[in-house]
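# Structural description and commentary
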Amino acid sequence: MRQGKASVLHKECGTGSRAAHTHTGANAPFCSHETEAHRSQRNSPRKRGGYRKIVRREEMVRSFEQGIPAWVCVGTLLLLIHSVTVRGAALKQETALDNGATVLNHSMSLVQRMETLLAMGNGSDVTLRVHTINTDEVKVIQAHSLVLTLQSDVFEELLLTRNNSYVVLRETVDCAAVFDKFIRYLYCGDISVRLDQAISLHKLASKYHVWGLQQGLTQYMTQHLSSESPSGHVVGWYNYALQIGDVALRDSCLQYLSWNLSSVLQSGEWSSISEDLLLSLLQRSDLILQSELELYEAVEAWISQNQPMSKTVETALRAIRYGMIPPQHLFRLQKQSALMLKHYETVRDLLYLAFQFHSASPIQLAKYFDVNCSIFTPRNYLSSSWGSPWVINSPTRDDRSYSFQTQLGPSGHDSSKKVTWNALFSPRWLPLSARSTYTELGALQPTRTDGGRPRIIVTPATSSPDFAGVSFQKTVIVMARQQGKVVVRHVYNFHQSTEEAGDFLLDADLQRRASEYLIDSSLYLHIIIKPLYHTLLVARK
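A brief look at the structure comes next. Quantities reported herein were computed from a predicted structural model and do not represent experimental measurements. Counting starts from 1 at the beginning of each chain's written sequence and moves along it residue by residue. Given that this is a predicted model, residues contribute local features only at a pLDDT of at least 70 and side-chain atom pairs are listed and counted only at 80 or more, while totals for whole chains, interfaces and linings are drawn from all residues. Only heavy atoms go into the side-chain values, all of them from the structure, while hydrogens and water stay out.

## Section: the overall build of the protein
As a reminder, the rule being used: Comment: elements are numbered from the N terminus, with helices defined as DSSP H or I runs of at least four residues and strands as E runs of at least two. Between buried and exposed lies partly exposed: a residue is buried under 20% and exposed over 50% of the maximum accessible area for its type, with that area taken using a 1.4 Å probe on protein chains only. In what follows, a contact means two residues having at least one pair of non-hydrogen atoms within 4.5 Å. Accessible areas in this description were obtained via Shrake-Rupley with a 1.4 Å probe; residue shielding takes into account the shown protein chains only.
When you go through the protein residue by residue, the secondary structure sums to 22 helices and 12 strands. The buried share of the protein, taken over its 541 residues, is 44%. The contacts in the protein between residues at least 6 apart in sequence include a share of 66% that link residues at least 24 apart. Carbon together with sulfur atoms contributes 51% to the accessible area of the protein, which is approximately 28700 Å² in total.

## Side note on helix H21 (residues 344-359)
Put simply, the test is: In a helix, the anticipated span is given by 1.5 Å times the number of residues less one. Fitting axes to the seven residues ending at a residue and to the seven starting there, one defines the bend at that residue as the angle between these axes.
With 16 residues, H21 should cover 22 Å at 1.5 Å per step; its first-to-last C-alpha distance of 21 Å lies within 8% of that length. Taken as a whole, H21 carries its principal kink of about 30° at Leu350.

## Looking at empty space enclosed by the protein
The criterion, for reference: Space inside and on the surface of the protein is sampled on a 1 Å grid over the protein atoms alone, with a cavity defined as a set of points where a 1.4 Å probe fits but cannot get out and a pocket as an open set with protein on both sides within 12 Å along at least 5 of 7 lines; lining residues have an atom within 4 Å of a point. Grid points are joined across faces, edges and corners, and a volume is the space filled by probe spheres set on the points. Residues are grouped as follows: Ala, Val, Leu, Ile, Met, Phe, Trp, Tyr, Cys and Pro are nonpolar; Asp, Glu, Lys and Arg are charged; all remaining types, including Gly, are polar.
Enumeration according to the criterion identifies three cavities of 30 Å³ or more in this entry. Approximately 50 Å³ is the volume attributed to the largest cavity. Lining of the largest cavity is provided by Trp429, Arg453, Pro454, Arg455, Thr498, Glu499, Gly502, Asp503 and Phe504. Counting residues per element, the lining of the largest cavity draws most heavily on strand S9 (residues 453-460), which supplies three residues. Here the residues of the lining of the largest cavity are counted per class, giving three nonpolar, two polar and four charged.

## Brief notes about the sheet that holds strand S8 (residues 418-429)
Stated formally: At least two DSSP bridges between two strands are required for those strands to pair. Axis lines are fitted through C-alpha atoms, for helices just across the contact stretch, and the angle between N-to-C directions can take any value from 0 to 180 degrees.
Here three strands make up an open sheet; going across it, the order is S7-S8-S9 and the pairing antiparallel. The open sheet has two edge strands with one neighbour each: strand S7 (400-407) and S9. The mean angle between the axes of side-by-side strands here comes to 20°, regardless of whether they run parallel or antiparallel.

## What to know about helix H19 (residues 327-336)
The condition is simple: Arc definition: it is the arc formed by the directions from the helix axis to the C-beta atoms.
All buried positions along H19 are accounted for by Leu330, Leu333 and Gln334. Along H19, the residues classed as buried sweep out an arc of 100° about the axis, all on the same side. Away from its buried face by more than 90 degrees, H19 exposes Gln328, Lys335 and Gln336. Where H19 is buried, its residues contact helix H17 (292-306), helix H20 (338-342) and H21.

## What to know about the environment of Gln405
One can find Gln405 in strand S7. On the basis of relative accessible area, Gln405 is assigned to the partly exposed category, the value being 48%. Remark: the alpha-carbon pair of Gln405 and Pro460, spanning 55 residues in sequence, is separated by 9.5 Å. Beyond its immediate chain neighbours, meaning those up to four positions away, Gln405 contacts Ser384, Lys418, Val419 and Thr420.

## Observations regarding the environment of Ser165
Inspection of the secondary structure assignment puts Ser165 in the loop between helix H8 (153-160) and strand S3 (166-171). Using a relative accessible area of 48% as the deciding quantity, one classes Ser165 as partly exposed. C-alpha separation for the pair Ser165 and Thr127, spaced 38 residues apart in sequence, amounts to 6.4 Å. The residues contacting Ser165, other than those within four sequence positions of it, are Asp125, Val126 and Thr127.

## Some thoughts on the environment of Thr135
Condition: Throughout this description, a polar contact denotes any pair of N or O atoms lying within 3.5 Å of each other; where both atoms belong to protein, one of them has to be capable of donating a hydrogen while the other can accept it, and for residues adjacent in sequence the pair is counted only when both atoms sit in side chains.
Structurally, Thr135 can be placed in the loop between strand S1 (126-132) and strand S2 (138-143). We classify Thr135 as partly exposed; its relative accessible area is 38%. Between the C-alpha atoms of Thr135 and Val173, which are 38 residues apart in sequence, the distance is 8.5 Å. Polar side-chain contacts of Thr135 include one of 2.9 Å to the backbone oxygen of Thr132.

## A look at the nonpolar core
Condition: To define a nonpolar core, start from buried Ala, Val, Leu, Ile, Met, Phe, Trp, Tyr and Cys residues and group those joined through side-chain atoms within 4.5 Å.
One finds Phe179, Phe182, Ile183 and Tyr322 to be the most contacted residues of the largest nonpolar core, which totals 131 residues. Leave out the neighbours within four places in its chain, and Tyr322 touches Tyr296, Leu317, Leu330, Met340, Val347, Leu350, Leu351, Ala354, His358 and Ile375.

## As for unusual backbone geometry
The phi torsion at His209 lies on the positive side, around 60°, for a residue other than glycine. Among the residues examined, His209 registers a relative accessible area of 29% and is labelled partly exposed. Unusually for a residue other than glycine, Ser521 sits at a positive phi of about 70°. Relative to the assigned elements, Ser521 resides in the loop between strand S11 (485-494) and strand S12 (522-533).

## Quick word on the pairing of strand S10 (residues 470-482)
Here nine bridges tie S10 to S12, and the two strands are oriented antiparallel to one another. Residue Phe472 lies in a different strand from S12, and its bridge partner there is Pro531. Of the pairings in the sheet, the one linking S10 to S11 comprises nine bridges and is antiparallel in character. The residue of S11 that forms the bridge with Gln482 is Lys485. Between S10 and S11, which pair antiparallel and follow one another directly, the connecting turn spans two residues, one of which, Gln483, has a positive phi of 50°.

## Focus: the packing of aromatic side chains
Each aromatic ring pair is described using two quantities: the centre-to-centre distance and the angle formed by the ring planes. So the rule is basically this: In this analysis, rings of Phe, Tyr and Trp, with Trp reduced to its six-membered ring, are considered paired at centre separations within 6.5 Å, and the interplanar angle assigns stacked below 30 degrees, edge-to-face beyond 60, and tilted for intermediate values. A positively charged side chain is recorded as over a ring if its NZ (Lys) or CZ (Arg) lies within 6 Å of the ring centre. The angle to the ring normal must also be within 35 degrees.
With the rule as written, the count across this model stands at 13 aromatic pairs. Aromatic side chains Trp390 and Tyr402 sit 5.3 Å apart centroid to centroid with 15° between the ring planes, which places their arrangement in the stacked category. Linking Trp390 in strand S6 (residues 387-393) with Tyr402 in strand S7, this pair joins segments that are 12 residues apart in sequence. The exposure class assigned to Trp390 is buried, which follows from its relative accessible area of 6%. Pairwise contacts between aromatic rings join Phe155, Phe179, Phe182 and Tyr208 into one cluster. The lysine or arginine in question, Arg129, covers the ring of Tyr166, its NZ or CZ lying 5.9 Å from the ring centre. The cationic tip of Arg489 hangs over the ring face of Tyr517; the distance from NZ or CZ to the ring centre is 4.8 Å.

## Comments concerning the sheet that holds S10
An order of S6-S12-S10-S11 is seen for the four strands of this open sheet, with the pairing classed as antiparallel. Strands at the two margins of the open sheet, each flanked by one partner only, are S6 and S11. Averaged over all neighbouring strand pairs, the angle between strand axes comes to 25°, with direction disregarded.

## Side note on the packing of helix H6 (residues 107-120) against helix H10 (residues 179-188)
We count it as follows: Relative orientations are named as follows: roughly parallel for angles under 35 degrees, roughly antiparallel for angles over 145 degrees, roughly perpendicular for angles from 65 to 115 degrees, and oblique for any other angle. Handedness of a helix crossing follows the sense of rotation of the near helix relative to the far helix, less than a right angle counterclockwise being left-handed and clockwise being right-handed.
H10 packs onto H6 with a crossing angle of 135° between their chain directions and a minimal axis gap of 9 Å. In terms of orientation, H6 lies oblique with respect to H10. Crossing of H6 over H10 shows right-handed handedness. Across from Val111, Met114, Glu115, Leu117 and Leu118 in H6, the residues of H10 making contact are Ile183, Arg184, Tyr187 and Cys188.

Structure follows, in structure tokens:
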């Protein structure tokens, strides 16, 4: 950056900024200690343009210093050294102190003075005229070149190339509305953000290359997905992340929508999702909701309100997993769903396959059909047929056990068959390699007390021939309270033990009462049992 180049030149000369201001001509030495090699390099055609830009910047800084008190310049530099982003980020850099030294920190007073400087416009040497696009509104801000230049290389370029005492900026309505906040951040280093302002401020931070603010706002959006808002904000943030190519924010929004879909379906935000987002969600097997029927009814409501093209309707209807809907509800949909009646031919084959699935045993069905396709693959359903919630009070105290029942499978043929499951939670489980062992002489080796971590084992209480051709995937959902709202914190999939997942509650500090994994000092879990059917291999004759 230009700023970095100027610093290097000062460092080579071994002088301060005042020495840099003593030159009087284009070919004058940059400082009293400038070498012939430096002078030759400065006067070369390739370097001369960059050097002149540095000189112009030094002149701008000097003129600014002469126009306002010296404390403002020093204060600005101190503010940038102790740069601040959105509240919650690091406030200052760590510095090495001499033994016995004491730090006197008056940074808050400095921030207040900088805010006053901006509000009063004292010593201002540039006027920002912010025009709102497609309106007659113009916002005028008295600013200071030094502050703008040190915080943004875009502002630096605008100030270096201006021909007047003002700079004209053009912003959209939403960005113009928060431009004062944005400029204040450049002076004070902190900013208050509302949910509906996050995108506008992020746009400004990106446009003017204020990277610290941009990163802070991305983090803010990631951490406030669960916050309550009148019309919802996660879908809007997802669309914005998709537009700017922010993969991390996009994936965070998509994961939140998938893991908390039941609450999203009941909110006003559901009707605002785009066609692409709807189809993307319908393809996922990690959706967490009450049942597949709930998803069908939500899709029907979305189609009724948005009236998409026929191709979108057909694709959405064919993404519903009809095999996971009980047959009595399928009969009702065939006769009472206006959407189903209108597009029956689109899903006739899927409904026929679903009724076959419900009328025969999985073993029999697997002889003739591919049961690995999505129509036979369950999502994460919260209804009692598929699993059970489990609240563990004081989870670090000792081992806990819990029993619950699920139906054998979603097939109507198996709906009356129940399976009892035993779950064991161990707060400090140790692998076999870390447990006490005996040496050849019979001495007991001490048990390692570190490295123990939580583990859950889920096994059937009894075996049954009905399990043939079926494997059971277990899913443990960990709930948490964020911004006063209970949401899904993590999802773990395994076949018998969470040890298979490798990271079950790996970062959770369950001994801390205020742990983000605990709700009122308790661990809130939901265990889901998902039967997965296997196609039978028929031996060749």
